[in-house]
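# Descriptive structure summary
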Amino acid sequence: MARILIVEDEPTTRMLLRTVLQSGGHRVFDCRDGASGLQIALHEKPDLAILDVNLPGLNGFELCTALRHARFDGGILLVTARQTIDDRVAGLGSGADDYLCKPFDIRELKARVAALIRRNERRVSKERTCTLGKIEVDLGQKVARREGMPFSLTKTEWSLLELLLQNEGRPVSRAKILDAVWGYDSSPTTRTVDTHVYRLRRKLGDDVGALIRNVHGEGYALRHNASEELS
Ligand code: CA
């Protein structure tokens, strides 16, 4: 399951994309203009953004460029009725990963979406090992070591730590943590998040646990360097 953003001003296509992707088990966000798309993408940090090119206001190329400038690291698939080579080149030049022309075949859409999600997962999984103070973390093997001594984390704590690492230096809202760690239709409350963050910090120890900060009104953020300010 991936988190996918659709930015498409045409209601029929938007609904079609939403239906197809939701039936594939994905969590879908959608909107109809570039400015909202930019906001949602930076806030929700989806794994993949599907952008129509001809949009009111900010067009798909501009949105794509803006997302990459903002260091959005999910996949970007441009979907458009424009079919010239120049448009494809402009799309890929603006930081898109792939290009799909309307009218598209549902199977082709699904295949491209699946490929982009896999590519994104591989990219994320390459950066699986990191050091947090005196702790070495291997997210792939699910092994944590303090000065060489392994210690265990629960499945939930691994998911939580991984999410915070993926968003390093940026606050992650309790709602997003709930969504990513527990699944958005499950029943835990934001208090659950606080409890698990508390437990994770304790397991990491005072020095490393302190790298996970409660950012007032925004959620939790992990910083490799405790003295570093949030940007
Ligand atoms: Ca359009």
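All of these numbers come straight from a predicted model, not from anything done at the bench. (Residues numbered from 1 in each chain as written. Predicted model: local features only at pLDDT ≥ 70, side-chain atom pairs only at ≥ 80, totals over all residues. Heavy atoms only, no water.)

### Points about the sheet that holds strand β3 (residues 48–52)
Put simply, the rule reads: Here, strands pair whenever DSSP counts at least two bridges between them. Put simply, DSSP marks the helices as runs of H or I at least four residues long and the strands as runs of E at least two long, and each gets a number from the N terminus on. Axis definition: a line fitted to C-alpha atoms, limited for helices to the stretch in contact. Angles are taken between N-to-C directions and run from 0 to 180 degrees.
Ordered in space as β2-β1-β3-β4-β5, the 5 strands form an open sheet in which the pairing is parallel. Bordering the open sheet on either side are β2 (27–31) and β5 (98–101), each of which pairs with just one other strand. For this sheet the average axis-to-axis angle between neighbouring strands, irrespective of direction, equals 20°. In this structure, β3 lies alongside strand β4 (residues 75–80), joined through 5 bridges in parallel fashion. Across the sheet, A49 pairs through a bridge with I76, a residue of β4.

### A short note on the packing of helix α2 (residues 34–44) against helix α3 (residues 60–69)
The condition is simple: An angle counts as roughly parallel when it lies under 35 degrees, as roughly antiparallel when it exceeds 145, as roughly perpendicular when it falls between 65 and 115, and as oblique in every other case. If you view the pair so one helix is near and one far, a crossing is left-handed when the near helix is turned anticlockwise from the far one by less than a right angle, and right-handed when it is turned clockwise. The contact criterion used throughout is that any non-hydrogen atoms of two residues lie within 4.5 Å. Following the grouping adopted for this structure description, the nonpolar residues are Ala, Val, Leu, Ile, Met, Phe, Trp, Tyr, Cys and Pro, the charged ones are Asp, Glu, Lys and Arg, and the polar ones are all others, Gly among them.
The interhelical angle for the contact between α2 and α3, taken along N-to-C directions, is 25°, at an axis separation of 10 Å. Compared by their axis directions, α2 and α3 come out roughly parallel. Where α2 crosses over α3, the handedness of that crossing is right-handed. Residue-level inspection shows G34, G37, L38, A41 and L42 of α2 in contact with α3, the latter providing L63, A66 and L67. Considering only residue class, the contact of α2 with α3 consists of 6 nonpolar, 2 polar and no charged.

### Here's the deal with the nonpolar core
As a reminder of what qualifies: Definition used in this section: a nonpolar core is a set of buried Ala, Val, Leu, Ile, Met, Phe, Trp, Tyr and Cys residues joined via side-chain atoms within 4.5 Å. Here the term buried applies to any residue with accessible area under 20% of the maximum for its type, exposed to any over 50%, and partly exposed to those in between, with areas from a 1.4 Å probe on protein chains only.
In this structure, L132, V137, L161, I177 and I212 are the most contacted members of the largest nonpolar core, which totals 26 residues. Elements that contribute at least two residues to this core include exactly β6 (129–132), β7 (135–138), α6 (155–166), α7 (174–182), α8 (190–209) and β11 (219–222). By size, the runner-up hydrophobic cluster in this structure holds 19 residues, among which are A49, V53, L55 and L67.

### Section: the domain arrangement of the protein
Under the convention used in this document: Segmentation of the chain into domains, including their bounds, is taken from an automatic or database domain assignment. Buried area, as used here, totals the accessible surface that two parts lose on assembly, with accessibility defined by a 1.4 Å probe and the loss added over both. The term salt bridge refers to a side-chain nitrogen of Lys or Arg lying within 4 Å of a carboxyl oxygen of Asp or Glu. Two N or O atoms form a polar contact when they lie within 3.5 Å of each other; inside protein one atom must be a possible hydrogen donor and the other a possible acceptor, and for residues adjacent in sequence the pair counts only when both atoms belong to side chains.
Taken domain by domain, the protein holds domain 1 (3–125) and domain 2 (128–229). A straight line from the C-alpha centre of domain 1 to that of domain 2 covers 29 Å. Across the contact, 8 residues belong to domain 1 and 7 residues belong to domain 2. Summed over both partners, the interface of domain 1 with domain 2 buries about 760 Å², with 46% contributed by carbon and sulfur atoms. Our count for the domain 1 to domain 2 interface comes out at 2 salt bridges. The salt bridge partner of D179 is R3, with a shortest N-O separation of 2.8 Å. On the surface where domain 1 and domain 2 come into contact, there are 3 residue pairs in polar contact (both at pLDDT 80 or more). Secondary structure elements with two or more residues in the side of domain 1 that touches domain 2: α2 and α5 (106–126). Residue composition of the side of domain 1 that touches domain 2, by class: 1 nonpolar, 2 polar and 5 charged.

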